[in-house]
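# Understanding the architecture of this molecule
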Amino acid sequence: MPEPARPSKTPWEISSSLGLPARVEEHDRYTSVEAAVPESLSSDLWRDVLEVAAEADRFGLLTTSMNDRTLWAVVHKAVPTTGDVGGPSHQR
């Protein structure tokens, strides 16, 4: 099965270039990113941010009663096509 196409820039690279510093965490099967979204974000910049987030495999916006907003996204890593795909627990 061919690997899905990935954007030329990752969501965190673009969010950073838009002035939204991002926190990136690498995991075994995916990369996650979170960025604080200021209340003063213009509608044009919101549109750009959402276009970037739409490139991720999953994304969302977490809001709190204190008006804090955090945009999060998850990008799955490519699954190997050969070798130890299942990991140690699946070896025979």
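Refer to the structure printed above.
First things first, this report covers the structure right here in the doc. Nothing here was measured: the structure is a model prediction, and the numbers come from that model.

### Points about the nonpolar core
Residues Leu20, Ala35, Val37, Leu41, Trp46, Val49, Ala53 and Leu71 constitute the largest nonpolar core, which totals 8 residues. No other element matches helix H2 (residues 43-53), which puts 3 residues into this core. Ignoring sequence-local partners within four residues, the contact set of Leu41 consists of Leu20, Trp46 and Val49.

### Notes on the pattern of salt bridges
Opposite charge on two side chains permits pairing when their charged atoms draw close. In the structure shown here, the tally under the stated rule is 4 salt bridges. The partner of Arg23 in a salt bridge is Glu34, and the shortest N-O contact between them spans 2.5 Å. A residue pair is termed long-range when its members are at least 10 positions apart, and Arg23 in strand E1 (residues 22-26) and Glu34 in strand E2 (residues 30-36) qualify at 11 residues. Overall, the relative accessible area of 44% leaves Arg23 in the partly exposed class. Between Asp44 and Arg47 there is a salt bridge; the shortest N-O distance is 2.4 Å. Linking Asp44 with Arg47, this pair stays in helix H2, spanning 3 residues, or about one helical turn. For Arg47, a relative accessible area of 48% puts it in the partly exposed group. When salt bridges with common partners are traced through the structure, they connect Arg23, Glu25 and Glu34 into a single cluster.

Rules and cut-offs
- Residues numbered from 1 in each chain as written.
- Predicted model: local features only at pLDDT ≥ 70, side-chain atom pairs only at ≥ 80, totals over all residues.
- Heavy atoms only, no water.
- Core = buried A, V, L, I, M, F, W, Y, C linked by side-chain atoms within 4.5 Å.
- Buried < 20%, exposed > 50% of the residue type's maximum accessible area, 1.4 Å probe, protein only.
- Helix = DSSP H or I, 4+ residues; strand = E, 2+ residues; numbered from the N terminus.
- Contact = heavy atoms within 4.5 Å.
- Salt bridge = Lys/Arg side-chain N within 4 Å of Asp/Glu carboxyl O.

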